[in-house]
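Report on the structure
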Amino acid sequence: SNSSSCSESEEDDWQWGKATARDDDDREEEEDEEVVVGQWNSRFQVIINKLQNLSLLDESSIQQRIEASQELTYLNEDFVHAAKTFGKIIISEVYLPRQKKTIKPINLGGVAGGQKYIVHEILFKFAYDGANLFKGDNNAPAKVGGHELKGLMSYFSLG
């Protein structure tokens, strides 16, 4: 269970467990490998901590830096793939009734951000004026979402 604001049925909607992923030819692992999808932030933090703790001047840590950078690249690729895949599903089902949606919206509080979804620990906010706060103008919620994204990127760039 993830959030106390989610009912058990809502949690079942987004906790899909494990997925089978086929690795790129570049990855020196088994051809088919079962991987846990999600845990994006904790995996990211581990890799960033590795990179921060390695010396730029120590020759023995160069290979470790390369490996950690490669891990970060793979994590990025996996996250982008998951986000695009689930984002496309959410968008394609926007006009379906809730009971027919593959990924169902959940209640995380607030209505200004539109519908919210959590899939494999990725939060999706579908910005539209479903609550008629902006008199049906969907440009305003899209701007709000854009500003939220800019704020997050600015925060992340602080280091």
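Given the structure is predicted, the values throughout are model-derived calculations rather than measurements.

Looking only at helices and strands, the protein chain has 4 helices and 4 strands in total. When its helices and strands are written in sequence order, the protein chain yields α-β-β-α-α-β-β-α. Looking at the 159 residues of the protein chain, the share that counts as buried comes to 25%. When the accessible surface of the protein chain is totalled, it reaches about 11,300 Å², and 52% of it is carbon and sulfur.

Core analysis: the largest hydrophobic core is formed by 13 residues, its most contacted members being Phe86, Ile103 and Phe124. Those elements giving two or more residues to this core turn out to be α2 (40–53), α3 (62–92), β3 (115–119) and β4 (122–126). Sort the elements by how many residues they give to this core and α3 lands first, with 5 residues. Filtering out sequence-adjacent residues up to four positions away, phenylalanine 124 remains in contact with Ala83, Phe86, Gly87, Ile90, Gln115, Lys116, Tyr117 and Val119.

Further remarks concern a nonpolar patch on the surface. A cluster of nonpolar side chains, Leu149, Leu152 and Met153, forms an exposed patch at the surface whose accessible area comes to about 330 Å². With respect to the helices and strands, the residue leucine 152 is situated in helix α4 (residues 139–157).

In this structure, the largest pocket encloses a volume near 1,500 Å³. Contributing to the lining of the largest pocket are 36 residues, with Phe79, Leu149, Leu152, Met153 and Phe156 lying nearest its centre. At the level of secondary structure, the elements contributing two or more residues to the lining of the largest pocket comprise α2, α3, β4 and α4. Looking at which element gives the most residues to the lining of the largest pocket, the answer is α3, with 11 residues. Of the residues that constitute the lining of the largest pocket, the class distribution is 21 nonpolar, 10 polar and 5 charged.

Moving on to α3. Compared with an ideal rise of 1.5 Å per residue, which puts 31 residues at 45 Å, α3 spans 45 Å between its outermost C-alpha atoms and is within 8% of the ideal. Residues of α3 that are buried: Ala68, Tyr74, Leu75, Ala82, Phe86, Gly87 and Ile90. Where α3 is buried, its residues meet α2, β3 and β4.

Our next topic: the packing of α2 against α3. The contact between α2 and α3 brings their axes to 9 Å, and the two run at 160 degrees. Taken together, α2 and α3 sit at an angle that is classed as roughly antiparallel. Handedness of the crossing formed by α2 with α3: left-handed. For the pair formed by α2 and α3, the contact residues are Trp40, Arg43, Phe44, Ile47, Ile48, Lys50 and Leu51 on the first element and Arg65, Ala68, Ser69, Glu71, Leu72, Leu75, Asp78, Phe79 and Ala82 on the second. Taken together, the residues of the contact of α2 with α3 break down into 10 nonpolar, 1 polar and 5 charged.

Mapped onto the elements, lysine 101 comes out in the loop between α3 and β3. Among buried Asp, Glu, Lys and Arg side chains, lysine 101 stands out as unpaired, with glutamate 93 the closest opposite charge at 6.8 Å. Excluding residues within four positions of it along the chain, lysine 101 makes contact with Glu93, Val94, Leu96, Gln115 and Tyr117.

The buried fraction of β3 is high, at 4 of 5 residues. Between β3 and the antiparallel strand that follows it, β4, lie 2 residues; histidine 120 among them carries a positive phi value of about 50 degrees.

Conventions and cut-offs
Residues numbered from 1 in each chain as written. Predicted model: local features only at pLDDT ≥ 70, side-chain atom pairs only at ≥ 80, totals over all residues. Heavy atoms only, no water. Helix = DSSP H or I, 4+ residues; strand = E, 2+ residues; numbered from the N terminus. Buried < 20%, exposed > 50% of the residue type's maximum accessible area, 1.4 Å probe, protein only. Areas by Shrake-Rupley, 256 points an atom, 1.4 Å probe, with all protein chains shown as cover. Core = buried A, V, L, I, M, F, W, Y, C linked by side-chain atoms within 4.5 Å. Contact = heavy atoms within 4.5 Å. Patch = residues over 30% accessible without salt bridge, like charges linked within 9 Å, V, L, I, M, F, W, Y side chains within 5 Å. Salt bridge = Lys/Arg side-chain N within 4 Å of Asp/Glu carboxyl O. 1 Å grid on protein atoms, 1.4 Å probe; cavity = no way out; pocket = protein on both sides within 12 Å on 5 of 7 lines; lining within 4 Å. Points joined across faces, edges and corners; volume = space filled by probe spheres on them. Nonpolar A, V, L, I, M, F, W, Y, C, P; charged D, E, K, R; others polar. Expected span 1.5 Å × (residues − 1). Axes fitted to C-alpha atoms, helices over the stretch in contact; angles between N-to-C directions. Parallel < 35°, antiparallel > 145°, perpendicular 65-115°, else oblique. Left-handed = near helix turned anticlockwise from the far one by under 90°. Lys, Arg positive; Asp, Glu negative; His and termini not counted. Pairing = 2+ DSSP bridges.

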